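Geometric and topological summary
Chain by chain, the residues:
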Amino acid sequence: MKDETKCLHSGYTPGNTEPRVVPIVQSTTYVYDSAEEIGSVFDEPTKSLIYSRFANPTVMAVEAKIAELEGGIAAMCTSSGQAATLLAIINICKAGDSFISVSQIYGGTINLFSYTLKRMGIECIFVDNDAPISEILAAFKPNTRLVFGETLANPALTVLDIEKFAKAAHSKNVPLIVDNTFPTPVLCKPFDFGADISVHSTSKYMDGHALQVGGVIVDSGNFDWTKGDFPEITQPDASYHGIIYTDVYGKAAYIVKARMQLMRDFGVYPAAHSAFLLNLGMETLSIRMERYCENALQVANFLASSDKVVSIRYPGLISDKYHSLANKYLKGASGVITFEVKGGKSAAVKFMDSLKLASNVIHVADIRTCVLHPATTTHRQVPEDKLPAAGVTAGLIRLSVGLEHIDDIIEDVKQALDKI
Ligand SMILES: *Cc1c(COP(=O)(O)O)cnc(C)c1O
């Protein structure tokens, strides 16, 4: 099936007389005929359902859909994008380990990596998105367990050279994990270029309607854990009667471990109703992504031609620094544009307050056009000297172009620019 079809049909195939739409199974638990049978599920937790802290039929339907779209072996949804990133890292990193991350990543992820994981004894080594492979390799330490980057960074809009980072990671026998939130699997298939695991905030384009906060981890099944130094996957897990994930689950070792061990212990699983809403958004993802790209390119061209705009970043523009990488890795540059207006921060605030159609929200990738000032919001906790590394300046505006008619969006942007 092609993506448009997968969006509608993957993950749930009703049988004769069953509901057409994936049902909301709003139940914490599942009934068994005998104590022996329910006991046996604890020996083989992937056999059937027992408790909705780590698996639920509604959530599993959307997990299967996302896995198929991304081209992965399996997926696990989480209660937020942040939870997905956290679990993806600590599934293979423990106190005393380090990992490498590109510095142009989401502000919340910068906080998680720089402070919270550090308190847990895990060190993050930052490298620039544009670093040559020699510099990436030089950043490795003997305890480095993975490499992390964002396929299309929020809000820096840098495009990750996936093949470069995959090559560096694989030469050291560690996986490349990418945050593929902005492109979604519709615009970027990171596993085709060597990424091993992806995470997403499903709160963004995947849901699309600003209805639920959620995340997902997808495993390509391609990484050979037995080649590297990953005892938590390749040696007995004492918390699961000595199971060896690579022996029992083969290619799915990483993602099964994440569910059986981390989801069991942390319990950051989404509610069935949230998964139902996510699935509804996913059904139109492919068709929506096309229009976001179309609308954003027109708005970007309009902004680029305005004398009130001093700089603009949108990888879909031919003049953009990342245009050729975008052509290689993305089917479209998504709906997010960043730009700076003449007059710095105060002019940026004036522009944003003057918008009539677009709303000021702490959200992005919505069906409705919205704007945000990263330096005072999503990146507020990032120290000022670290802002440029994250691709943020004081006057930067992030515009998330929605699916309104393009004439209405441009008219709104134009009248707000005129107010500066
Ligand atoms: C929003 C976002 C996150 C965090 O996701 P939440 O669902 O808000 O927890 C992670 N990465 C990127 C790229 C994001 O845009």
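Let us look at the structure shown here. Nothing here was measured: the structure is a model prediction, and the numbers come from that model.

**Remarks on the overall build of the chain**
Within the chain, the secondary structure is distributed over 16 helices and 12 strands. Taken against the 2.2 N^0.38 rule, which gives 22 Å for 420 residues, the C-alpha radius of gyration of the chain at 22 Å falls within 12% of a compact globule. Expressed as lengths along the three principal axes of its C-alpha atoms, the size of the chain is roughly 75 × 55 × 35 Å. Residues counted as buried form 57% of the 420 residues belonging to the chain.

**A closer look at the layout of surface pockets**
To locate leftover empty space, one rolls a probe as large as a water molecule over the atoms. Of the voids in this model, the largest pocket is the one considered here, and its volume is about 410 Å³. If you trace the largest pocket, you find 22 residues lining it, with T46, A55, M60, E63 and R259 closest to the centre. Taken together, the elements giving at least two residues each to the lining of the largest pocket come down to α3 (57–70), β1 (74–78) and α11 (253–266). Counting residues per element, the lining of the largest pocket draws most heavily on α11, at 5 residues. Here the lining of the largest pocket is composed, by residue class, of 16 nonpolar, 2 polar and 4 charged. By volume, the second largest pocket is sized at about 340 Å³. In this structure, the second largest pocket is lined by 23 residues; those nearest its centre are Y106, S201, S203, K204 and H363.

**Some thoughts on the sheet that holds strand β7 (residues 215–219)**
Strand order in the open sheet formed by 7 strands is β1-β7-β6-β5-β4-β2-β3, and the pairing between neighbours is mixed. Bordering the open sheet on either side are β1 and β3 (123–127), each of which pairs with just one other strand. With strand direction ignored, the average angle separating the axes of adjacent strands in the sheet is 20°. In this sheet, β7 lies alongside strand β6 (residues 197–201) in antiparallel orientation, the contact comprising 5 bridges.

**Things to note about the environment of A348**
Among the structural elements, A348 can be located in helix α15 (residues 344–354). Along the sequence, A348 and H373 sit 25 residues apart, while their C-alpha atoms lie 7.9 Å from each other. If near-sequence neighbours (up to four positions away) are discounted, A348 is found in contact with V341, G395 and I397.

Rules used in this analysis
Along each chain, residues carry numbers from 1 onward, in the same order as the chain's sequence is written. Reporting in this predicted model follows two pLDDT cut-offs: at least 70 for local features of residues, and 80 or more for side-chain atom pairs to be given and counted; totals over whole chains, interfaces and linings ignore these cut-offs and use all residues. As a rule here, side-chain values cover all heavy atoms of the structure and leave hydrogens and water aside. Runs of E in the DSSP output that reach at least two residues are strands. Runs of H or I that reach at least four are helices, and both are numbered from the N terminus. Radius of gyration here uses only the C-alpha atoms, and the compact-globule reference equals 2.2 Å multiplied by the residue count raised to the power 0.38. Relative accessible area decides the class of each residue, using a 1.4 Å probe on protein chains only: under 20% of the type maximum gives buried, over 50% gives exposed, and in between gives partly exposed. For each structure, a 1 Å grid was placed over the protein atoms alone; sets of points admitting a 1.4 Å probe that cannot get out are labelled cavities, open sets with protein on both sides within 12 Å along at least five of seven lines are labelled pockets, and lining residues have an atom within 4 Å of a point. Grid points are joined across faces, edges and corners, and a volume is the space filled by probe spheres set on the points. Lys, Arg, Asp and Glu make up the charged group, whereas Ala, Val, Leu, Ile, Met, Phe, Trp, Tyr, Cys and Pro make up the nonpolar group; the residues left over, Gly among them, are polar. Paired strands are those between which DSSP finds at least two bridges. A fitted line through C-alpha atoms represents every axis, and for helices the fit uses only the stretch in contact; the resulting angles, taken between N-to-C directions, go from 0 to 180 degrees. Between two residues, a contact is recorded if the distance between any of their heavy atoms is within 4.5 Å.

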